[in-house]
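Each chain, written out:
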Amino acid sequence: MNTVYNNLIAKLKSIGKDYDWDLLDKAFKFACEAHEGQKRSSGEPFVTHPLHVAYILAEMEMDTTTIVAGMLHDTVEDTSFTYEKTVKHFGEEIANLVDGVTKLAKIPYTNKQEIQAENLRKMFLAMSRDIRVIIIKLADRLHNMRTLNFKTKEKQLEISRETLDIYAPLAHRLGIYRIKWELEDLSFRYLHEKEYYDLVEKISQKRREREEYISQIVENVSKKSKELDINIFIEGRPKHLYSIYSKMKRQNKELDQIYDLFAIRVIVDSVKDCYAVLGLVHELYKPMPGRFKDYISMPKPNMYQSLHSTLIGSEGVPFEVQIRTWEMHRVSEVGIAAHWKYKEGAKQNDDLSEKLVWLRQLLDWQKDTTDPDEFLENLKIDLFTDEVFVFTPKGDVKSLKAGSSPIDFAYSIHSDIGNKMIGAKINGKLESLDYELQNGDIIEIVTSSASRGPSRDWLKRVKTSQARNKINQWFKKEKREENIERGKELFEKELKKHRISAHQILKQELIDSAFKKYNFNGIDEVYAAIGLDAITSRKVITRLKEEYRKTLPVEEQNIISNEKQKSKEKPKKDGYNIETGVIVKGIENCLVRLSRCCNPVPGDDIIGYITRGRGVSVHRKDCVNIVNTLSGEDESVRLIEVSWHNANAVSYQAELIVKAHDRTHLLMEITNFIGDLGIPLKAINARTTKDNVAIMNLTVEITDTEQLDNIIKKIRRVPDVFEISRSNQ
């Protein structure tokens, strides 16, 4: 451990800044004492991990405070040392950084998603107060990924997936590309091991060819720049493995078909030289139309600046050139860390605060996102996205998620503009609200005081969480009565599936206990949240039942869970059909079949119909044929009570009808979503109408309605899908 610490000190001394060496020594001794006797999975002393984290922070040229917090970041979480003790020895600033990186204490959340969501909420809140929290967390995650080979296979996959979904995109949004690329490549190695090593081998085979090609370009550009008396540093820039893999997968191509594997980076002394070098490379090589981006005059929100251009080489092979100054290069490597200015008594400067508008927006919508699955899904979408740059009529630049609509733009200006919006002019021409914003568009929002507010259909059109959140807030406020009514209906429908009455569980003390973080003041607020889809009725009832069970005497506490268990046991008097997983009340060994008119699956409310000579036909209770049967006295006597058995081993086919605005790769994206869920897709029938609407009939094999709801939820998030429903045919 002394060796690692000595390397850290040597690195800091090489930087040439004025560090507090006494404080660093004190932190080292404190960390050694706190982690004494602890070991990592590799068998090394645990304290080597925070020391490596501190070294990564030193490579980013962070200040003493951040590096000390990096050395101490695991003390509060993994040792007996407390926040108060850290304050006493190192002060509140360092203690707050350590606390911001620390995970929540063990809280009885119902599932892993809730735990992950709450830990991320805490981290983002701390990050909004001091951005150094996430810089330390990224350094922590990077070292953990570098040593992931000592973990179990299950842990490797779990940590790599979270890294690729959350931390690599976060590094991207903060402009810390050095960490982003390494996190992506390490995650790729564990998540897709075969593809990773196949790609490594194929690229190594092309290395000599690539190096010869790039060296020729470097020589040509260097020679030309000397003629113009421009001082440049030029190098070949290898494409990162994960970016190559992603492009191959996205475009469905083999490595031989990916032509822009070659890239060079040119670093110069001034902005004027950047444009001069751009001119000379365009003289030497033919630029590809539409492949030039000027991030100097219009920087990315993460402060990245550079000129990008794709050109055709002498052998007809495309290559990319990036041109930037030395300061821009430093920012591209360490992102926001390069702009962090420390002053006595000051946390951050106003310029940096402006650059973090996206973080404040993210915090705004996450406050009202109560469902952990929705929180995590929206977080991934918001972090891992490309930007589109558009203009207001006054010439102000707005950065939005690629694929955004005029509705997203309106809500990015102000909630009232979005709520009163009735149309949009794009470059002086009226366009539909489905229009996909393009770089350079000038957008004017048309509003009316007579507007009745946003449409629920807008929720399917918007791409930004900010717009979605503001639309939901409007419905929450303006449509409260409607939400309460809808929520109550969904609650009562779900309650019928549980063996407990409403008056037993709908008590304020149970609501308060079950939903502390939601602050529900009365049952109407619970209904409103359900009606707004902020929480599911199933989750509400499950939690209330658990709280109700705790209020019972000890000898009665297992009644609810015992009843649930009994419902799974094989009945003695009722018939159970193995093929369908259906129990017919009062009849043994009878023929049972699932009707094709409504295709019932476990979780649906069902009823049996005694046919003439073909046993019992099982229908959904809302099936039109059953509704018609109930109106006929002679036929209604044939209805019989049936229920689902615990039929996990039984699979069922359900048909979905998906409608979407047709576009390239639409069907592939939908089938990929289903494949990612591990659910068999048995049949596809797709067609396109004259209005360019794609209609797809998808037959999937599932075990219950929960799987079906999950598929519907995923497909609904596919861009351009505007309707999805179960088939009743």
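This one's a predicted model, so the numbers in the text were calculated from it and none came from an experiment.

**Quick word on the overall build of the protein**
Here is step 1: A count of helical and extended segments in the protein gives 33 helices and 21 strands.
Here is step 2: Summarising the internal contacts of the protein: among those between residues at least 6 apart in sequence, 65% fall at separations of at least 24.
Here is step 3: Summed over all atoms, the accessible surface of the protein reaches about 37,500 Å², with 47% contributed by carbon and sulfur.

**Things to note about the packing of aromatic side chains**
Here is step 1: Scanning all chains against the criterion turns up 15 aromatic pairs.
Here is step 2: With a centroid separation of 6.3 Å and 40 degrees between ring planes, the pair formed by Tyr 242 and Tyr 245 is classed as tilted. Linking Tyr 242 with Tyr 245, this pair stays in helix H14 (residues 241-251), spanning three residues, or about one helical turn. Taken individually, Tyr 242 and Tyr 245 each receive the classification buried, so the pair is uniform in this respect.
Here is step 3: The cationic tip of Lys 13 hangs over the ring face of Trp 21; the distance from NZ or CZ to the ring centre is 5.8 Å.
Here is step 4: Between the NZ or CZ atom of Lys 26 and the centre of the ring of Phe 90, over which it lies, the distance is 5.2 Å.

**Description of the pattern of salt bridges**
Here is step 1: Scanning the model with the defined rule gives 20 salt bridges in all.
Here is step 2: With a closest N to O distance of 3.2 Å, Asp 63 and Arg 132 form a salt bridge. One end of the pair, Asp 63, is in the loop between helix H3 (48-59) and helix H4 (64-72); the other, Arg 132, is in helix H9 (residues 132-146), with 69 residues separating them in the sequence. The residues Asp 63 and Arg 132 share a single accessibility class, namely buried.
Here is step 3: Residues Glu 93 and Arg 132 are paired through a salt bridge, measuring 2.6 Å at the closest nitrogen-oxygen approach. One end of the pair, Glu 93, is in helix H7 (residues 92-101); the other, Arg 132, is in helix H9, with 39 residues separating them in the sequence.

**Re the sheet that holds strand S13 (residues 592-594)**
Here is step 1: As summarised here, the arrangement of the four strands in space is S13-S15-S14-S16, forming an open sheet in which the pairing is mixed. Looking along the sheet, the strands with just one partner apiece sit at the ends: S13 and strand S16 (639-640).
Here is step 2: Pairing of S13 with strand S15 (residues 616-620) involves three bridges; the strand directions are parallel. When the sheet's bridge partners are listed, Leu 594 is paired in S15 with Val 618.

**Details of the pairing of strand S19 (residues 681-688)**
Here is step 1: Direction of pairing for S19 relative to strand S20 (residues 693-702): antiparallel, over a ladder of seven bridges. Paired with Thr 688 across the bridge in S20 is Ala 694.
Here is step 2: If you look at the hairpin formed by S19 and S20, you'll find four residues sitting between the two strands, and Asn 692 has a positive phi there, around 65 degrees.

**Observations concerning the nonpolar core**
Here is step 1: Leu 24, Ile 67, Met 71, Leu 72 and Leu 138 are the most contacted members of the largest nonpolar core, which has 56 residues in total.
Here is step 2: Looking at this core element by element, the count peaks at eight residues for H9.

**Observations regarding the sheet that holds strand S9 (residues 429-431)**
Here is step 1: As summarised here, the arrangement of the three strands in space is S9-S8-S10, forming an open sheet in which the pairing is antiparallel. Pairing within the sheet leaves two strands with one partner each, and these edge strands are S9 and strand S10 (443-447). Neighbour to neighbour, the strand axes of the sheet diverge by 40 degrees on average, direction disregarded.
Here is step 2: Alignment of strand S8 (residues 421-426) against S10, held across five bridges, turns out to be antiparallel. Its bridge partner lying in S10, Lys 425 is registered against Glu 444.
Here is step 3: Strand contacts of helix H20 (residues 406-413): S8 and S10, with the helix running at about 105 degrees to S8, the strand carrying the most contacts.

**Describing helix H10 (residues 153-173)**
Since the α-helix turns once every 3.6 residues, residues separated by three or four places project in the same direction.
Here is step 1: Taking 1.5 Å of rise per residue, 21 residues should cover 30 Å, and H10 covers 29 Å from first to last C-alpha, within 8% of that figure.
Here is step 2: Thr 163 marks the point of greatest bend in H10, at about 45 degrees.
Here is step 3: Of the residues trailing H10, Gly 175 is marked for its positive phi of about 75 degrees.

**So, the packing of helix H2 (residues 21-34) against helix H6 (residues 83-90)**
Here is step 1: Viewed as axis vectors pointing N to C, H2 and H6 meet at an angle of 150 degrees, and their least axial separation amounts to 12 Å. The pairing of H2 with H6 is recorded here as roughly antiparallel in orientation. Every pair of crossing elements has a handedness; the one defined by H2 and H6 is right-handed. For the pair H2 and H6, contact is made by Leu 23, Lys 26, Ala 27 and Phe 30 and by Lys 85, His 89 and Phe 90, respectively.
Here is step 2: Looking at the contact of H2 with H6, its residues break down into four nonpolar, one polar and two charged.

**Let's talk about helix H15 (residues 271-284)**
Here is step 1: Along its 14 residues, H15 runs 20 Å from first to last C-alpha, staying within 8% of the 20 Å computed at 1.5 Å per residue.
Here is step 2: Of all the residues in H15, the buried ones are Asp 273, Cys 274, Val 277, Leu 278, Leu 280 and Val 281.
Here is step 3: Packing partners of the buried residues in H15 comprise helix H13 (207-227), strand S1 (232-236), strand S2 (262-268), strand S3 (286-294), strand S4 (307-312) and strand S5 (318-325).

**A closer look at unusual backbone geometry**
Here is step 1: A positive phi angle is found at Asn 427, which is not glycine, with a value near 55 degrees.
Here is step 2: Mapped onto the fold, Asn 427 is located in the loop between S8 and S9.

**Concerning a nonpolar patch on the surface**
Here is step 1: A cluster of nonpolar residues, Leu 667, Leu 681 and Ile 684, forms a patch on the protein surface that exposes about 210 Å² of accessible area.
Here is step 2: Inspection of the secondary structure assignment puts Leu 667 in helix H32 (residues 666-676).

**Observations concerning the environment of Glu 492**
Here is step 1: Assignment of secondary structure puts Glu 492 in helix H24 (residues 480-495).
Here is step 2: Residue classification places Glu 492 among the partly exposed positions, given a relative accessible area of 38%.
Here is step 3: The spatial distance from the C-alpha of Glu 492 to the C-alpha of Ser 537 is 8.6 Å, given a sequence separation of 45 residues.

**A look at the packing of H10 against helix H11 (residues 177-191)**
Here is step 1: Axis separation between H10 and H11 bottoms out at 9 Å; the angle between their running directions is 155 degrees. Relative to H11, the element H10 is oriented roughly antiparallel. By crossing handedness, the relation of H10 to H11 is classed as left-handed. Packed against H10, whose contacting residues are Lys 153, Gln 156, Leu 157, Ser 160, Arg 161, Thr 163, Leu 164, Tyr 167, Ala 168, Ala 171 and His 172, the element H11 presents Tyr 177, Ile 179, Lys 180, Leu 183, Glu 184, Ser 187, Tyr 190 and Leu 191 at the interface.
Here is step 2: Taken together, the residues of the contact of H10 with H11 sort by class into ten nonpolar, five polar and four charged.

**Section: the pairing of S8**
Here is step 1: Relative to S9, S8 is paired through three bridges, and the arrangement is antiparallel. Counterpart to Ala 424 in the pairing with S9 is Glu 431.
Here is step 2: Between S8 and S9, which follow one another and run antiparallel, lie two residues, and Asn 427 among them has a positive phi close to 55 degrees.

**So, the confidence of the model for the protein**
Parts of the model with low pLDDT should not have their predicted coordinates read in detail.
Here is step 1: On average, residues of the protein score 78 in pLDDT, and 80% of them reach the 70 mark or higher.
Here is step 2: Within the protein, the element-level pLDDT minimum falls on helix H29 (residues 559-568), averaging 44, and the maximum on H3, averaging 93.
Here is step 3: For residues 104-110, every residue scores under 50 in pLDDT, and the model assigns this stretch nine contacts once sequence neighbours within four places are set aside.
Here is step 4: Contacts for the low-pLDDT stretch residues 558-573, under 50 throughout, to residues beyond four places or in other chains number 18 contacts.

About the cut-offs
- Residues numbered from 1 in each chain as written.
- Predicted model: local features only at pLDDT ≥ 70, side-chain atom pairs only at ≥ 80, totals over all residues.
- Heavy atoms only, no water.
- Helix = DSSP H or I, 4+ residues; strand = E, 2+ residues; numbered from the N terminus.
- Contact = heavy atoms within 4.5 Å.
- Areas by Shrake-Rupley, 256 points an atom, 1.4 Å probe, with all protein chains shown as cover.
- Phe/Tyr/Trp six-rings, centres within 6.5 Å; stacked < 30°, edge-to-face > 60°.
- Buried < 20%, exposed > 50% of the residue type's maximum accessible area, 1.4 Å probe, protein only.
- Lys NZ or Arg CZ within 6 Å of the ring centre and 35° of its normal.
- Salt bridge = Lys/Arg side-chain N within 4 Å of Asp/Glu carboxyl O.
- Pairing = 2+ DSSP bridges.
- Core = buried A, V, L, I, M, F, W, Y, C linked by side-chain atoms within 4.5 Å.
- Axes fitted to C-alpha atoms, helices over the stretch in contact; angles between N-to-C directions.
- Expected span 1.5 Å × (residues − 1).
- Bend = angle between axes of the 7 residues up to and from the residue.
- Parallel < 35°, antiparallel > 145°, perpendicular 65-115°, else oblique.
- Left-handed = near helix turned anticlockwise from the far one by under 90°.
- Nonpolar A, V, L, I, M, F, W, Y, C, P; charged D, E, K, R; others polar.
- Patch = residues over 30% accessible without salt bridge, like charges linked within 9 Å, V, L, I, M, F, W, Y side chains within 5 Å.
- pLDDT = per-residue confidence, 0-100.

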